[in-house]
Amino acid sequence: MTGTPASPRRRGAARTEELLRVTLDLAAEVGYAGLSIEAVARRAGVGKHTIYRRWPSIAALLLDALSLVWTSDLDYRNAGDVRADLREQFLRSSLALSSPPIGPVYRAVIAEAQADPTLRATLHERFLITVEQSTLDRITRAQRTGELTAEANLEFAAEVLCGTLYYRWLLSTRPIDESAVDGLLDMFMAAYGSSNQN
């Protein structure tokens, strides 16, 4: 007795995920400069039309590939102490951003977005806002529990925390190591920690 055949929708979803994973593997090998719809099609053993039916451009394909691996592993663990939570998440996400599969794909999309305003807006909406908002949510909870000063507006603080790490990752040769993260968090807690209230 044979099993029930997979529905066309399930087969389509499996093919889509397969193409996204092929894209991730290829991006890690050749970088953005060597990546194209044609190259992905050759690696996946499909025709170009199979990919173009799903994605209009290589940038759109890369965004969806990035979404596949941009998982809850980059979320905050919420162990209790806000400084410890920020430190753990920053070190963990920095490692993920510096390593395949996220690192090469994310760098490629960011580079392409500099000349493509629509892609830049999409990148901001789908990824950067998520990163910033999760940090803001975490430090806002700390403010409600009394770990951070009650009167402070933390939106700019969240942007500075995330922006500092992105600057090092994208534009600097300096590492995002424990020393860098600790220095950043020392400044943040000195400015916003509730023990600094008079």
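The rules we used
Residues numbered from 1 in each chain as written. Predicted model: local features only at pLDDT ≥ 70, side-chain atom pairs only at ≥ 80, totals over all residues. Heavy atoms only, no water. UniProt positions renumbered as here; feature names shortened; annotations may be inferred. Helix = DSSP H or I, 4+ residues; strand = E, 2+ residues; numbered from the N terminus. Core = buried A, V, L, I, M, F, W, Y, C linked by side-chain atoms within 4.5 Å. Buried < 20%, exposed > 50% of the residue type's maximum accessible area, 1.4 Å probe, protein only. Contact = heavy atoms within 4.5 Å. Salt bridge = Lys/Arg side-chain N within 4 Å of Asp/Glu carboxyl O. Phe/Tyr/Trp six-rings, centres within 6.5 Å; stacked < 30°, edge-to-face > 60°. Patch = residues over 30% accessible without salt bridge, like charges linked within 9 Å, V, L, I, M, F, W, Y side chains within 5 Å. Areas by Shrake-Rupley, 256 points an atom, 1.4 Å probe, with all protein chains shown as cover.

### What to know about the UniProt feature "DNA-binding region" (unreviewed entry) in the chain
Stage number 1. The UniProt record annotates "DNA-binding region" (unreviewed entry) at residues 36–55.
Stage number 2. Annotation note: span residues 36–55, helix share 65%, strand share 0%, distance between end C-alpha atoms 12 Å.

### Some details on the nonpolar core
Stage number 1. Counting residues in each nonpolar core, the largest one holds 59 residues, and the members touching the most others are Ile 51, Trp 70, Phe 90, Tyr 106 and Ile 139.
Stage number 2. When contributions to this core are tallied by element, the ones reaching two or more residues are α1 (8–30), α2 (37–44), α4 (58–69), α5 (82–97), α6 (102–113), α7 (117–144), α8 (155–171) and α9 (178–192).
Stage number 3. In this structure, Ile 139 is in contact with Val 82, Leu 86, Leu 148, Leu 154, Ala 157, Ala 158 and Phe 188, ignoring residues within four places of it in sequence.

### Some details on the pattern of salt bridges
Stage number 1. Tallied over the full model, the rule gives twelve salt bridges.
Stage number 2. Ionic pairing is found between Glu 29 and Arg 43, a salt bridge with its closest N-O pair at 2.9 Å. One end of the pair, Glu 29, is in helix α1; the other, Arg 43, is in helix α2, and 14 residues separate them in sequence.
Stage number 3. The exposed category is assigned to Glu 29, whose relative accessible area is 53%.
Stage number 4. A salt bridge links Glu 178 to Arg 87; the shortest N-O distance between them is 3.1 Å.

### Structural notes on the packing of aromatic side chains
Stage number 1. This structure, assessed with the given rule, holds five aromatic pairs.
Stage number 2. Centre to centre, the rings of Tyr 166 and Trp 169 are 6.0 Å apart; their planes meet at 85°, and the pair counts as edge-to-face. Of this pair, Tyr 166 and Trp 169 are both found in helix α8, three residues apart, which corresponds to roughly one turn of the helix.
Stage number 3. When its relative accessible area of 15% is taken as the criterion, Tyr 166 is described as buried.

### Notes on a nonpolar patch on the surface
Stage number 1. Judged by side-chain polarity, Tyr 167, Leu 170 and Leu 171 come together as a nonpolar surface patch covering roughly 310 Å² of accessible area.
Stage number 2. Its place among the elements puts Leu 171 in helix α8.
Stage number 3. Here Leu 171 falls in the exposed class, since its relative accessible area comes to 67%.

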